[in-house]
Amino acid sequence: MTLGISHDTSKFVCDNIARVWREHLREQYPDAHTLVILCDGGGSNSSSHRIVKQDLMNLADRLGIRLLVVHYPPYCSKFNPIEHRLFSQITRSWSGAPLMSLQNAAQRAAMTTTKTGLKVFVHVNSKSYDIMRPIDESYQKRLAQQVIFAPELGKWNYLIKPAN
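An account of the accompanying structure is given in this report. Remember, it's a predicted structure, so these values are computed and weren't measured experimentally. (Residues numbered from 1 in each chain as written. Predicted model: local features only at pLDDT ≥ 70, side-chain atom pairs only at ≥ 80, totals over all residues. Heavy atoms only, no water.)

### Some words on the packing of helix H3 (residues 81-94) against helix H4 (residues 102-110)
Okay, so step 1: Contact pair H3 / H4: the axes reach a minimum separation of 8 Å and the direction vectors enclose 120°. As for the relative orientation of H3 and H4, their crossing is right-handed in sense. Every residue of H4 that contacts H3 at Ile90, Ser93 and Trp94 is listed here: Ala105, Arg108 and Ala109.
Okay, so step 2: Each residue belonging to the contact of H3 with H4 can be placed in one class, and the counts come to 4 nonpolar, 1 polar and 1 charged. (Axes fitted to C-alpha atoms, helices over the stretch in contact; angles between N-to-C directions. Helix = DSSP H or I, 4+ residues; strand = E, 2+ residues; numbered from the N terminus. Left-handed = near helix turned anticlockwise from the far one by under 90°. Contact = heavy atoms within 4.5 Å. Nonpolar A, V, L, I, M, F, W, Y, C, P; charged D, E, K, R; others polar.)

### So, the packing of helix H2 (residues 50-63) against helix H5 (residues 139-146)
Okay, so step 1: Remark: H2 packs on H5, axes separated minimally by 11 Å, with the N-to-C direction vectors making an angle of 60°. Taken together, the axes of H2 and H5 are oblique relative to one another. The two elements H2 and H5 cross, and the hand of that crossing is left-handed. In this structure, H2 uses Arg50, Lys53, Gln54, Met57, Asn58 and Asp61 to contact H5, whose residues at the interface are Tyr139, Arg142, Leu143 and Gln146.
Okay, so step 2: Its residues assigned to classes, the contact of H2 with H5 comprises 3 nonpolar, 3 polar and 4 charged. (Parallel < 35°, antiparallel > 145°, perpendicular 65-115°, else oblique.)

### Overview of unusual backbone geometry
Okay, so step 1: You will see that Met132, though not glycine, has its phi angle at about 60°, which is positive.
Okay, so step 2: Position of Met132 relative to the elements: it lies in the loop between strand E4 (123-125) and H5.
Okay, so step 3: In this model, Leu153 sits at a positive phi of 55°, which is unusual for a non-glycine residue.
Okay, so step 4: Within the secondary structure, Leu153 sits in the loop between strand E5 (147-149) and strand E6 (157-160).
Okay, so step 5: Exposure remark for Leu153: the relative accessible area of 53% places this residue in the exposed category. (Buried < 20%, exposed > 50% of the residue type's maximum accessible area, 1.4 Å probe, protein only.)

### Description of the packing of aromatic side chains
Okay, so step 1: The full count for this structure, using the stated rule, is 2 aromatic pairs.
Okay, so step 2: On the numbers, 5.5 Å between centres and 85° between planes, the contact of Phe12 with Tyr129 is edge-to-face. Of this pair, Phe12 sits in helix H1 (residues 10-28) while Tyr129 sits in the loop between E4 and H5, placing them 117 residues apart in sequence.
Okay, so step 3: Relative accessible area serves as the criterion here: at 4%, Tyr129 is assigned to the buried category.
Okay, so step 4: One cation-aromatic arrangement involves Arg50 over Tyr139; the distance from NZ or CZ to the ring centre is 5.8 Å.
Okay, so step 5: Positioned above the aromatic ring of Phe121, the side-chain terminus of Lys119 is 5.5 Å from the ring centre. (Phe/Tyr/Trp six-rings, centres within 6.5 Å; stacked < 30°, edge-to-face > 60°. Lys NZ or Arg CZ within 6 Å of the ring centre and 35° of its normal.)

### What about the layout of surface pockets?
Okay, so step 1: Counted as a void, the largest pocket has a volume near 1,700 Å³.
Okay, so step 2: Taken together, 43 residues make up the lining of the largest pocket; nearest its centre are Met1, Thr2, Ile82, Leu86 and Phe87.
Okay, so step 3: Take the lining of the largest pocket: its biggest share by element is 10 residues, from H1.
Okay, so step 4: Looking at the lining of the largest pocket, its residues break down into 24 nonpolar, 13 polar and 6 charged.
Okay, so step 5: Roughly 230 Å³ of internal volume is contained in the second largest pocket.
Okay, so step 6: What lines the second largest pocket is Thr9, Ser10, Gly43, Ser44, His49, Ile51, Val52, Asp130, Ile131, Met132, Arg133 and Ile135.
Okay, so step 7: In the lining of the second largest pocket, the residues fall into 5 nonpolar, 5 polar and 2 charged. (1 Å grid on protein atoms, 1.4 Å probe; cavity = no way out; pocket = protein on both sides within 12 Å on 5 of 7 lines; lining within 4 Å. Points joined across faces, edges and corners; volume = space filled by probe spheres on them.)

In short, geometric facts, not functional conclusions.
Right, dumping it as structure tokens:
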């Protein structure tokens, strides 16, 4: 889990995915060639925002692996397994506790465990993220070269290949 001090932007999301890949997943899955990313339907990872695809293309280039992006349709994020497995347990840890600081919220979330083995790792991202960033001039060309939209529900499901 990542807690931030700035805006929840697609760049924030991509930076945190990159950190988790470097610190946890790359070593566990050294032969991986594709990372599956489940996204809610709106906000910082909305399927309809071009900036999200631009940042995900940059992420694929940075990580050097393909990204299979699966967006939940709007108002369907309740079906995301993370909502049920993680957030519900963290909410219990935070229940009744005054969250007076980011560090306090992080510490309480990190104490979250379940009988089935869930253990929450918390990272505080203290980077500041700009909002209203422009789309690069090369966006359309890169989109055509790097993104393969699924034949069914392509608006919500697509594969992003690294440029190299």
